[in-house]
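Chain by chain, the residues:
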Amino acid sequence: MIILDHKDAFTKEVPFKKAWERLYGFNTPNAMIEWIPAAQGGKPKRVDVDRMTVIAEAGAFKADVINYIAPQRASPIAFRMGLTNREGWCPVNRRTFESEIVRDVFVIGDAAVADAMPKSGYSANSQAKVAAQAIADQLAGRTPGEPSMINVCYSLAGENYGVSIVDIFKVVDNRIVKLPASGVSPITDSPAQPLLEAIYQRNWHRTFANDCFA
Ligand SMILES: Cc1cc2nc3c(=O)[nH]c(=O)nc-3n(C[C@H](O)[C@H](O)[C@H](O)COP(=O)(O)OP(=O)(O)OC[C@H]3O[C@@H](n4cnc5c(N)ncnc54)[C@H](O)[C@@H]3O)c2cc1C
């Protein structure tokens, strides 16, 4: 697997790279996974579908399967409703998630401008709770309180190898900022550590899906 990246860093980078080293020989001549950051020419310029080739600054990469992730923005409905800014995202009041452009419309999740909060399902869930409380407060004539929001993401780098990140956020000067208490999986010599994280991942997924949909 070759990852052509238009960035020079990615989330959970340190524990991911350690997992790739341990599981797939990352940074060795026979590695099963290679990551080419922007600084090394990873930025894709074009995809030649007929030749199944990605042309990047570092050269041409032929592949059996190409998963191209296009530049992102909010979906067309957000544009049609006039909720988007010039960058294609929806600016919101960070304490309530009410649109800064259209009154009484609340935008959560990937479409919302949420500063330091990553675009994740867990962030969207946390924002939904803040927005729901703010709507209830506004309907009851109360001033919405100070939100505290969370992001938790677990990933499996291998079947029994989990990595995770936890971030806590608050609003400062109408911007969402990450608190220093945040953290990613530590790197240890204990084989139990990534195995436990893989178990936590499955439990996290079950309880999170339950919280969203049950
Ligand atoms: C490969 C991958 C892995 C990920 N892993 C994680 C993870 O481990 N943990 C995590 O927390 N997050 C993860 N995420 C991110 C997470 O999936 C998104 O952040 C989350 O789904 C955003 O939720 P959302 O409701 O804002 O948007 P979406 O999930 O995109 O939902 C928007 C919905 O609106 C619908 N829609 C659009 N237009 C209309 C319309 N006009 N009428 C009706 N419906 C419409 C769409 O069909 C879609 O169902 C991952 C994402 C990807 C791509």
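Just so it is clear, the structure is predicted and the values come from calculations on it, not from any experiment.

**Q** Outline the overall build of the protein, listing residues and values.
**A** For the protein, the helix and strand inventory stands at four helices and nine strands. Shown N-terminal to C-terminal, the secondary structure of the protein runs as helices and strands in the order β-α-β-β-β-β-α-α-β-β-β-β-α. Per-residue burial for the protein yields a buried fraction of 21% across its 214 residues. In the protein, once contacts between residues fewer than 6 apart in sequence are set aside, the share between residues at least 24 apart is 47%.

**Q** Lay out the site of the ligand with the relevant residues and their values.
**A** As a matter of local geometry, the ligand sits amid Ser-75, Ile-77, Gly-109, Asp-110, Ala-111, Lys-119, Ser-120, Gly-121, Tyr-122, Ala-124, Cys-153 and Ser-155. Of all elements in the fold, only helix H3 (121-139) and strand S6 (148-158) reach the threshold of two or more residues within the shell around the ligand. For the shell around the ligand, the leading source of residues is H3, giving three residues. Taken together, the residues of the shell around the ligand sort by class into five nonpolar, five polar and two charged.

**Q** Pulling in residues and values, what's your account of helix H4 (residues 192-213)?
**A** The end-to-end C-alpha separation of H4 is 32 Å, in line with the 32 Å expected for 22 residues at 1.5 Å each. The buried count for H4 comes to two of 22 residues, which makes it a mostly uncovered element.

What counts as what
Residues numbered from 1 in each chain as written. Predicted model: local features only at pLDDT ≥ 70, side-chain atom pairs only at ≥ 80, totals over all residues. Helix = DSSP H or I, 4+ residues; strand = E, 2+ residues; numbered from the N terminus. Buried ≥ 20, exposed ≤ 12 C-beta atoms within 10 Å, placed from the backbone. Contact = placed C-beta atoms within 7 Å. Near = placed C-beta within 6 Å. Nonpolar A, V, L, I, M, F, W, Y, C, P; charged D, E, K, R; others polar. Expected span 1.5 Å × (residues − 1).

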